Every structure is written in structure tokens, then in C-alpha cells.
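# Reading the structure
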Amino acid sequence: MEFNAILETAENTAKIILSGELKASTAPTFKTEVEKAAATNPQRLVLVMKDLSYMASAGLRVLIFAKQKMGANVDIYIIAPQEMVMDTIKKTGFHHSVKIMDEYDNDKVEA
Amino acid sequence: MESIIVSGNLESLDVISDYVTTAAEKANLDSKKTYKLRLAVDEIATNIVIHGYQEAEIKGEILCKAEFSDTSLKIHLEDSGMQYDATQKEQPDDLYKPLEERNIGGLGIYLAINGVDKYIYERHGNSNLNIFIVNR
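Let me begin by describing the structure that accompanies this report. Because the structure is predicted, anything quoted here is derived from the model rather than measured.

Rules and cut-offs
- Residues numbered from 1 in each chain as written.
- Chains lettered and ligands numbered in written order.
- Predicted model: local features only at pLDDT ≥ 70, side-chain atom pairs only at ≥ 80, totals over all residues.
- Helix = DSSP H or I, 4+ residues; strand = E, 2+ residues; numbered from the N terminus.
- Rg over C-alpha atoms; globule rule 2.2 N^0.38 Å.
- Pairing = 2+ DSSP bridges.
- Axes fitted to C-alpha atoms, helices over the stretch in contact; angles between N-to-C directions.
- Contact = placed C-beta atoms within 7 Å.
- Right-handed = clockwise from strand over helix to strand, strands pointing away.
- Parallel < 35°, antiparallel > 145°, perpendicular 65-115°, else oblique.
- Left-handed = near helix turned anticlockwise from the far one by under 90°.
- Nonpolar A, V, L, I, M, F, W, Y, C, P; charged D, E, K, R; others polar.
- Expected span 1.5 Å × (residues − 1).
- Buried ≥ 20, exposed ≤ 12 C-beta atoms within 10 Å, placed from the backbone.

### Quick word on the overall build of chain A
- Check the secondary structure of chain A and you find 4 helices and 5 strands.
- Each helix (α) and strand (β) of chain A, taken in turn from the N terminus, gives the series β-β-α-β-α-β-α-β-α.
- For 111 residues, the compact-globule estimate of 2.2 N^0.38 gives 13 Å, and the C-alpha radius of gyration of chain A, at 13 Å, lies within 12% of that figure.
- Seen through its C-alpha atoms, chain A measures out along the principal axes to roughly 35 × 25 × 25 Å.

### Notes on the sheet that holds strand E4 (residues 118-124) of chain B
Residues and elements named next belong to chain B.
- Strand order across the open sheet formed by 5 strands is E1-E2-E3-E5-E4, with antiparallel pairing between neighbours. The open sheet is flanked by strand E1 (4-7) and E4, the only strands paired with a single partner. With direction set aside, neighbouring strand axes in the sheet form an average angle of 20 degrees.
- Across 8 bridges, strand E3 (residues 72-79) lies against strand E5 (residues 127-135) in antiparallel orientation. Residue pairing for E5: serine 72 is matched across the bridge by asparagine 135.
- Against the sheet, helix H1 (residues 13-26) makes contact with E1, strand E2 (61-68) and E3, and its axis sits at roughly 5 degrees relative to E2, the strand it touches most.
- Together, E2, E3 and E5 form the strand contacts of helix H2 (residues 31-54), whose direction differs from that of E3 by roughly 10 degrees.

### Quick notes on the pairing of strand E2 (residues 13-22) of chain A
Residues and elements named next belong to chain A.
- Here strand E1 (residues 4-10) pairs with E2 via 7 bridges, running antiparallel. Bridge pairing in E2 links alanine 5 to leucine 18.
- Connecting E1 to the next strand, E2, in antiparallel fashion are 2 residues, including asparagine 12 with a positive phi near 70 degrees.
- Viewed along the sheet, the connection from E2 through helix H1 (residues 27-38) into strand E3 (residues 44-55) turns out right-handed.

### So, the packing of H1 of chain A against helix H2 (residues 57-70) of chain A
Residues and elements named next belong to chain A.
- Where H1 meets H2, the closest approach of the two axes is 10 Å, and the angle between their N-to-C directions is 15 degrees. Put simply, H1 runs roughly parallel to H2. In the crossing of H1 with H2, the sense of the turn from one axis to the other is right-handed. Within the contact between the two elements, H1 uses Ala27, Phe30, Lys31, Val34 and Ala38 and H2 uses Ala58, Gly59, Val62, Phe65, Ala66, Lys69 and Met70.

### Overview of the interface of chain A and chain B
- At the interface, 20 residues of chain A touch 19 residues of chain B.
- Mapped onto the side of chain A that touches chain B, the elements with two or more residues apiece are H2 and helix H3 (83-91) of chain A.
- For the side of chain A that touches chain B, the element with the highest residue contribution is H2 of chain A, accounting for 7 residues.
- In terms of residue class, the side of chain A that touches chain B is built from 8 nonpolar, 8 polar and 4 charged.

### Details of the packing of H2 of chain B against helix H3 (residues 107-115) of chain B
Residues and elements named next belong to chain B.
- For the pair H2 and H3, interaxial distance at closest approach is 8 Å and the crossing angle is 140 degrees. Considering the angle they form, H2 stands oblique to H3. In this structure, H2 meets H3 at a crossing whose hand is left-handed. Here H2 contributes Lys36, Leu37, Leu39, Ala40, Glu43, Ile44, Thr46 and Asn47 to the contact with H3, which in turn contributes Gly108, Ile109, Leu111, Ala112 and Gly115.
- In the contact of H2 with H3, the residues fall into 7 nonpolar, 4 polar and 2 charged.

### Examining H2 of chain A
- The terminal C-alpha atoms of H2 of chain A lie 20 Å apart, and with 14 residues this matches the ideal 20 Å at 1.5 Å per residue to within 8%.
- Counted residue by residue, H2 of chain A has 10 buried out of 14 residues, so it is predominantly covered.
- Residues of H2 of chain A that are buried: Ser57, Ala58, Gly59, Leu60, Val62, Leu63, Ile64, Ala66, Lys67 and Met70 of chain A.
- Among the structural elements, E2, H1, E3 and strand E4 (75-79) of chain A together with H2 and H3 of chain B are those in contact with the buried residues of H2 of chain A.
- Phi turns positive one or two residues past the end of H2 of chain A, at glycine 71 of chain A, with a value near 100 degrees.

Spelled out as C-alpha cells, the structure:
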């Protein structure tokens, strides 16, 4: 499945909708969108992973890059990761540093 | 299953992944074992392309072969790039740390070695041989 990373920005929030396979050949596309997101100085980065079927370490490295680029105060939300993507997130301890949710509701997060 | 030989570049990684997934189906591995095996082979193949060939400015190929037994599926990856023994790399010791304090390397090898039942590296002359074994 073709990889896609679609960036949507609203006040304080940058959302990237990921689909397909995130791996060495597609991670640069994701990184480019993270850089564009960082340029808007968001308070939070929301990554929608519902349709992301595969994630290799190249994707994890972009998450580290995102946190280091945006700063520790910017919260990263991972929304609806598939079972095996979640397995990788847990195995590598990333679940301690990001917020994982089934769905993202900006109003509830703001509240 | 007949082996395949692909060029040592990033575009070849999908061909290797397809080969591994087909082998896993033939071995009747479940979807979780298949995903982890594909991930393990993909991580090491990515290292071969980036570190073994591209960064070392070496051109070469990767041979991929599946072997089936009653108890296991064995995937061989063979290349002629820079010597690279993943078993000698230290496992990341910062998995508990927040992302902003993490080192960016080492995660791929960690996922590869921990994603299969056995991982073996051998050096034969100018070739690297990586073997991934998954119990059926």
C-alpha cells in the first residue's frame, strides 16, 4: 500500500494522518511533514495511525526527531495504532513518552 | 522456495519483504510471527543497503533464500558489503528514557534480534550472512 502523510494544522495542533507502510524508503516523506508541522510551533503533534499497516525503526527515528525538534513540552499523541505497530511502540518503550488514544478529540484534550 | 538476488538499494527492500511474507505464508506462520519476521529481515536488509553498501560506497547485491523444515522457517540474507555483525552491537540501554533523551540508533537491530526465535551472523570470506529462524 502506498505511503501517505497528510498534514493538517489548526490552532495549537498539528495533525499528520499516516497510511500505508512507514519504512526506510518512506520515512523521509514523514520527516518532511514533521518539519513542516514543527515550523507552525504547535503545542501538540497528533499522529493518526489507524491506516498505518507497518512501521519499521525508520519511523521510530522520525518520532524521536519530532520530539527533539519540537521540544519536550510538545505532547505527541498516537491515535488508533494497529496491533503490531503498537507492539513495536511498546517494545521500544515509546509508549512512556507519547499519549496513545483510540480517537482524538481536540475539545477534550483542550479542556 | 527459489532464492532471489536483488540490487543493494532501498527499492529492493520491498522485493525482499514480499519474498519473506510469501515464505511465511508457505510455512503457515500466523500474522504476528509473519509481521515480526518481515520487520526483522527488513531492518537488517535496510542496514545492509545503507551502511554496508551506500555509506561504504560499495555496489553489490543481496541474496535472499528461504529454507523450510518441519519445525522452522529459516531466512538467509547474504551480501558483499562492509562487514557488519549486528550481534556485536550493544542493545539500546535507553528504552526507558523519554524520547528527547534517546539516541537515534540501535532500534532496528534491537527489533530484528528480538523479533525472531534465533538470529545468527556469520562472515564467510567477503560475504556477510544473516540468518533468521522462526519456529513453526
